[in-house]
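Listed below, chain by chain, are the residues.
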Amino acid sequence: MSALVSWLSANPWVLVVLGAVAVVATAWWAHRRQQQLVWERTRQQGLRYALPQLDALHHRDFEYAVRDLMRRDGCTDARQIGGAGDNGADVLATDPMGRTWVIQCKHRKAGDRGSAVGTPDLQRVNGCARQLYGADVVLVVTNGRFSARCAPLAAQLHMHLADRRTLATWASGGRPLWELLPKVPQPRKGR
């Protein structure tokens, strides 16, 4: 014990480093706890959107709304990453069962009266979702509609589509998205 005290006396920088690590760890824990409390409050408040609210959003705000709905449903790490260089992903999240979700958001200002989301949008997100982000669930969500060719392609690519009707059910509360989509995969082993 006296050797340790002597060594620490000769090397006071070790105590400074240990103190700094303790401060950073405490700050990280406090920040993480604060985020959990905020997300829990959001979920408890029952975040809900009506379709007219979603239609009125800017496309970037639509991505944040999707992120917030994922958080409401228990995806505490949900984050909006859309923008230049997003590789087809606008929202990343991990659901309570451990599945990684990669979500591409397609906002249509005119709702279902706007242009349909087409197969190039599905191809773009599918090309990166699993390889870059390790997606278990690849989803394209829109406040509009999908072209007739999207559903068969999505089935082939093992992707999910959430159109205006599915979005309305999900956003109005009640059930998490994974209960509304068919054939959501089981979590990967080891997760």
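The following refers to the structure shown. As the structure is a computational prediction, the values presented were derived from the model and not from experiment. (Residues numbered from 1 in each chain as written. Predicted model: local features only at pLDDT ≥ 70, side-chain atom pairs only at ≥ 80, totals over all residues. Heavy atoms only, no water.)

### Section: the packing of helix H5 (residues 119-133) against helix H6 (residues 150-157)
- With their axes 10 Å apart at the nearest point, H5 and H6 run at an angle of 15° to one another. The orientation of H5 with respect to H6, classified from their angle, is roughly parallel. Seen along the crossing, H5 lies across H6 with a hand that is right-handed. Between H5, through Thr 119, Leu 122, Gln 123, Asn 126 and Arg 130, and H6, the contact on the second element is made entirely by Cys 150, Leu 153, Ala 154 and Leu 157.
- Across the contact of H5 with H6, the residue classes tally to 5 nonpolar, 3 polar and 1 charged. (Axes fitted to C-alpha atoms, helices over the stretch in contact; angles between N-to-C directions. Helix = DSSP H or I, 4+ residues; strand = E, 2+ residues; numbered from the N terminus. Parallel < 35°, antiparallel > 145°, perpendicular 65-115°, else oblique. Left-handed = near helix turned anticlockwise from the far one by under 90°. Contact = heavy atoms within 4.5 Å. Nonpolar A, V, L, I, M, F, W, Y, C, P; charged D, E, K, R; others polar.)

### Digging into the sheet that holds strand E5 (residues 160-162)
- Judged by pairing direction, the sheet is mixed, and its 5 strands sit side by side in the order E1-E2-E3-E4-E5 without closing on themselves. In the strand order of this sheet, the two ends are held by strand E1 (79-80) and E5, each with one partner.
- Relative to strand E2 (residues 91-94), E1 is paired through 2 bridges, and the arrangement is antiparallel. Its bridge partner lying in E2, Gln 80 is registered against Val 91.
- Strands E1, E2, strand E3 (100-106) and strand E4 (137-142) of the sheet are contacted by helix H4 (residues 59-72), whose axis makes an angle of about 150° with E3. (Pairing = 2+ DSSP bridges.)

### A look at the packing of H4 against helix H7 (residues 164-171)
- Two numbers describe how H4 lies on H7: the axes approach to 11 Å, and their chain directions differ by 50°. With respect to their mutual orientation, H4 and H7 come out oblique. As H4 packs across H7, the resulting crossing turns out to be left-handed. Contacts between H4 and H7 involve Phe 62, Val 66, Leu 69, Met 70 and Arg 72 on the former and, on the latter, Leu 167, Trp 170 and Ala 171.

### Some details on the side chain of His 160
- Turning to its location among the elements, His 160 is positioned in strand E5.
- By relative accessible area, which is 7% here, His 160 ends up buried.
- Polar side-chain contacts of His 160 include one of 3.3 Å to the backbone oxygen of Lys 183.
- Leaving out residues up to four positions away in the same chain, His 160 has contacts with Val 137, Val 138, Leu 139, Val 140, Leu 181, Pro 182, Lys 183, Val 184 and Pro 185. (Buried < 20%, exposed > 50% of the residue type's maximum accessible area, 1.4 Å probe, protein only. Polar contact = N/O pair within 3.5 Å; in protein donor to acceptor, adjacent residues only side chain to side chain.)

### What about the pattern of salt bridges?
- Summed over the entire model, instances satisfying the criterion amount to 8 salt bridges.
- When the shortest N-O distance is used, the salt bridge between Arg 164 and Asp 55 registers 2.7 Å. With Arg 164 in helix H7 and Asp 55 in helix H3 (residues 51-55), this residue pair connects regions lying 109 residues apart in the sequence.
- On the basis of relative accessible area, Arg 164 is assigned to the buried category, the value being 16%.
- Where Lys 106 meets Asp 121, a salt bridge forms, and the shortest distance between an N and an O atom there is 3.3 Å. On the criterion of sequence distance, the pair formed by Lys 106 in strand E3 and Asp 121 in helix H5 is long-range, its members being 15 residues apart.
- Because the salt bridges share partners, they merge into one network encompassing Lys 106, Asp 121 and Arg 124. (Salt bridge = Lys/Arg side-chain N within 4 Å of Asp/Glu carboxyl O.)

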